[in-house]
Amino acid sequence: MSRPLPLSKSQDVLGLFGWLLLVFAAAAVGGFASASASDFYRELVRPSWAPPGWLFAPVWSVLYALMGISAWLVWRAQGFAGARGALTLFVVQLAINALWTWLFFAWRQGAVAFGEILLLCLLIVSNIILFRRASKLAALLLVPYVAWVAFACVLTFATWRLNPGLLG
């Protein structure tokens, strides 16, 4: 289904800004929970293959930008009405994404964080499938995101298992 009316240049730019604002707002919600994450991360016994703590912020910044552009491409192609399911799922997975940081770093619930990140992986894969119907590029832009979250799944599990006292 295509967008019924073409967008003006200003609507197009405002749409991109809106989607980027939404994803970076979700990042900020997660960021509040990870304000002291670097100290806690250093405290944890981590697998030898765990990345250094400083790597997470730049990786996530790029991923959030790609996510916002991806959602914008779908919105641009079909409008919200035409892609309601895909874009609603996108917003839901954003909320689930932000929740993980609270579960792991603020509330230190390793098992729950692991289950939640597994769910997040499934939601992202579903989003890729739904986004592909509107834009192949939008779907491709989510591939680095699902790859990183899949890696984070394994890292969450390993870190939780190595730290039963700290991650309940």
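None of these values were measured; they are calculated from a predicted model. (Residues numbered from 1 in each chain as written. Predicted model: local features only at pLDDT ≥ 70, side-chain atom pairs only at ≥ 80, totals over all residues. Heavy atoms only, no water.)

J.: Tell me about helix 7 (residues 143-162), and name the residues and values.
T.: Two residues of an α-helix separated by three or four positions point the same way, owing to the 3.6 residues in each turn. Relative to the 28 Å expected for 20 residues at 1.5 Å per residue, helix 7 spans 29 Å between its end C-alpha atoms, a close match to the ideal helical length. When helix 7 is considered as a whole, its buried residues turn out to be Y145, V146, W148, V149, A152, C153, L155, T156, A158, T159 and W160. (Helix = DSSP H or I, 4+ residues; strand = E, 2+ residues; numbered from the N terminus. Expected span 1.5 Å × (residues − 1). Buried < 20%, exposed > 50% of the residue type's maximum accessible area, 1.4 Å probe, protein only.)

J.: Quick one: what's the story with the environment of P6, residue by residue and with numbers?
T.: Along the chain, P6 turns up in the segment before helix 1 (9-33). A residue is classified by how much of its surface remains accessible, and P6, at 74% relative accessible area, is exposed. In this structure the C-alpha to C-alpha distance between P6 and R76, which are 70 residues apart in sequence, comes to 9.0 Å.

J.: Please set out unusual backbone geometry residue by residue, giving values where relevant.
T.: Phi is positive for R108, which is not a glycine, with a value near 50°. Structurally, the position occupied by R108 is in the loop between helix 4 (84-106) and helix 5 (110-134). Residue R108 is classed as partly exposed on the basis of its relative accessible area of 31%.

J.: Describe in detail the state of the cysteines, supporting the description with residues and values.
T.: For the structure on display, the rule yields zero disulfides. Free of any disulfide, C153 has its nearest neighbouring cysteine sulfur in C121, separated by 4.1 Å. The class for C153 is buried, based on a relative accessible area of 6%. (Disulfide = S-S within 2.5 Å.)

J.: Run through the packing of aromatic side chains, naming residues and quoting values.
T.: Applying the stated criterion to the full structure yields 18 aromatic pairs. An angle of 85° between the planes, with centres 6.1 Å apart, marks the rings of F40 and F105 as edge-to-face. Separated by 65 residues along the polypeptide, F40 in helix 2 (residues 37-43) and F105 in helix 4 bring together distant segments of the chain. For the pair formed by F40 and F105, the shared burial category is buried. On the basis of an interplanar angle of 55° and a centroid distance of 5.0 Å, the ring pair of F114 and F157 is categorised as tilted. (Phe/Tyr/Trp six-rings, centres within 6.5 Å; stacked < 30°, edge-to-face > 60°.)

J.: Mind laying out the nonpolar core, listing which residues take part and the relevant values?
T.: The biggest cluster of nonpolar side chains holds 50 residues, and the ones touching the most others in it are F131 and Y145. For this core, the element with the highest residue contribution is helix 4, accounting for 10 residues. Once residues lying within four places of it in the same chain are set aside, the contact partners of F131 are S70, A71, V74, A86, L87, F90, A138, A139 and L142. (Core = buried A, V, L, I, M, F, W, Y, C linked by side-chain atoms within 4.5 Å. Contact = heavy atoms within 4.5 Å.)

J.: Describe the side chain of S70, and please don't skip the residues or the numbers.
T.: For S70, the position within the fold is in helix 3 (residues 56-82). Apart from residues lying up to four places away in sequence, S70 is in contact with F131, A138, A139, L141 and L142.

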